[in-house]
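Here is how the chains run, residue by residue.
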Amino acid sequence: RALGVGFAAVLAASLRGGGLPKLEELFLHGCELDDEAGAQLAAGLAAAAALRKLDLGNNPGLGGGFAAALAASLPKLEELDLCGSGLDYEAGTQLATGLAAAATLRQLTLNENPGLGGAFATALAASLQGGGLPKLEELRLEDCDLDDEAKEQIRKAWLGSSRHIKRLKIRG
């Protein structure tokens, strides 16, 4: 279950070295990855040209270092699941800023990251209003400690943008 830094480093090196050129989906859900392992992995993701779906949910140790590395090296993802990944307001803000460049992302799941809060909502709303995430169809932000003002910011940014809305789930 716990894959750790060693596994993440090997996987990242393989991705950077072109060892997995056809990898389209990577599921490491609930593998007890920590911040250091996440940062290692994120560093290799930029080279994963075929990667379209990334699920790193239920890895509560990922946190801020991972989010910064992922934001700096987002591949052409269509689906990203980071539910229960220990993201706090700083990590969420870095991630939201990086997501502005994610031109192909259709689905984003950040449920169960109660540390995200209002600063993240502001950064995400700014990304949406600035034309970021143009293909985003589904956004899930349940149990992220968003107050009514934060929810309204995201809702207005989502509705005010020119995107095809299929699902917006925000709760708490």
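Residues numbered from 1 in each chain as written. Predicted model: local features only at pLDDT ≥ 70, side-chain atom pairs only at ≥ 80, totals over all residues. Heavy atoms only, no water.

Asker: For this particular structure, what's the right way to read the sheet that holds strand 6 (residues 167-171)?
Answerer: Backbone-to-backbone hydrogen bonds join strands into a sheet, with any given pair of strands oriented parallel or antiparallel. One open sheet holds the six strands; their spatial order is 1-2-3-4-5-6, and the pairing between them is parallel. Strands at the two margins of the open sheet, each flanked by one partner only, are strand 1 (25-27) and strand 6. Neighbour to neighbour, the strand axes of the sheet diverge by 5 degrees on average, direction disregarded. When strand 2 (residues 53-55) meets strand 3 (residues 79-81), the two strands line up parallel, connected through three bridges. Bridge assignment links K53 to a residue of strand 3, and that residue is E79. (Pairing = 2+ DSSP bridges. Helix = DSSP H or I, 4+ residues; strand = E, 2+ residues; numbered from the N terminus. Axes fitted to C-alpha atoms, helices over the stretch in contact; angles between N-to-C directions.)

Asker: Hey, could you run me through the pattern of salt bridges in this one?
Answerer: A pair can form between side chains of opposite charge whenever their charged atoms are brought close. Taken as a whole, this structure holds 13 salt bridges when the rule is applied. Note that R106 is salt-bridged to E79, the shortest N-O span being 3.5 Å. One end of the pair, R106, is in the loop between helix 4 (89-99) and strand 4 (107-109); the other, E79, is in strand 3, with 27 residues separating them in the sequence. Residues E142 and K169 are paired through a salt bridge, measuring 3.6 Å at the closest nitrogen-oxygen approach. Taken together, the residues span a long stretch of sequence, with E142 in strand 5 (residues 138-142) and K169 in strand 6 at a distance of 27 residues. (Salt bridge = Lys/Arg side-chain N within 4 Å of Asp/Glu carboxyl O.)

Asker: Explanation requested: unusual backbone geometry in the structure shown.
Answerer: Working note: non-glycine residues mostly have negative phi, and peptide bonds are mostly trans. For N58, which is not a glycine, the phi torsion comes out positive at approximately 55 degrees. Its location among the elements puts N58 in the loop between strand 2 and helix 3 (63-72).

Asker: Got a minute to help me understand helix 2 (residues 35-45) in this structure?
Answerer: Taken together, the buried positions of helix 2 are A37, G38, L41, A42, G44 and L45. Buried residues of helix 2, viewed axially, fall in a sector of 160 degrees; they line one side. Along its buried surface, helix 2 packs onto helix 1 (4-16), strand 1, strand 2 and helix 3. (Buried < 20%, exposed > 50% of the residue type's maximum accessible area, 1.4 Å probe, protein only. Arc of directions from axis to C-beta. Contact = heavy atoms within 4.5 Å.)

Asker: Would you mind showing me how to read the environment of G118 here?
Answerer: By secondary structure assignment, the location of G118 is in helix 5 (residues 117-129). For the pair G118 and C144, spaced 26 residues apart in sequence, the C-alpha separation works out to 9.4 Å.

Asker: Help me understand helix 5, please; the structure alone is not making it clear to me.
Answerer: In an α-helix there are 3.6 residues to a turn, and that puts residues three or four apart on one side. With 13 residues, helix 5 should cover 18 Å at 1.5 Å per step; its first-to-last C-alpha distance of 19 Å lies within 8% of that length. Among all positions of helix 5, only G117, F120, A121, A123, L124, A125, S127 and L128 are buried. Contact partners of the buried residues in helix 5: helix 4, strand 5 and helix 6 (148-160). Two residues or fewer after helix 5 comes G131, characterised by a positive phi angle close to 90 degrees. (Expected span 1.5 Å × (residues − 1).)

Asker: Sorry if this is basic, but what is going on with the environment of K53 here?
Answerer: Relative to the elements of secondary structure, K53 occurs in strand 2. The sequence separation of K53 and E24 amounts to 29 residues, and the corresponding C-alpha distance is 6.4 Å. Setting aside its immediate chain neighbours within four residues, K53 contacts E24, E25, L26, F27, L77 and E79. A polar contact of 3.3 Å, which involves the side chain of K53, links it to the side chain of E79. (Polar contact = N/O pair within 3.5 Å; in protein donor to acceptor, adjacent residues only side chain to side chain.)

Asker: What exactly am I supposed to notice about the packing of helix 5 against helix 6 here?
Answerer: The geometry of a pair of packed helices is captured by two quantities: the angle between their axes and the separation between those axes. At a minimum axis separation of 9 Å, helix 5 and helix 6 run at an interaxial angle of 10 degrees. Viewed along their axes, helix 5 and helix 6 adopt a mutual orientation that is roughly parallel. Here G118, A121, T122, L124, A125, L128 and Q129 of helix 5 lie close against helix 6, whose contacting residues are A150, Q153, I154, A157 and W158. Its residues assigned to classes, the contact of helix 5 with helix 6 comprises eight nonpolar, four polar and no charged. (Parallel < 35°, antiparallel > 145°, perpendicular 65-115°, else oblique. Nonpolar A, V, L, I, M, F, W, Y, C, P; charged D, E, K, R; others polar.)

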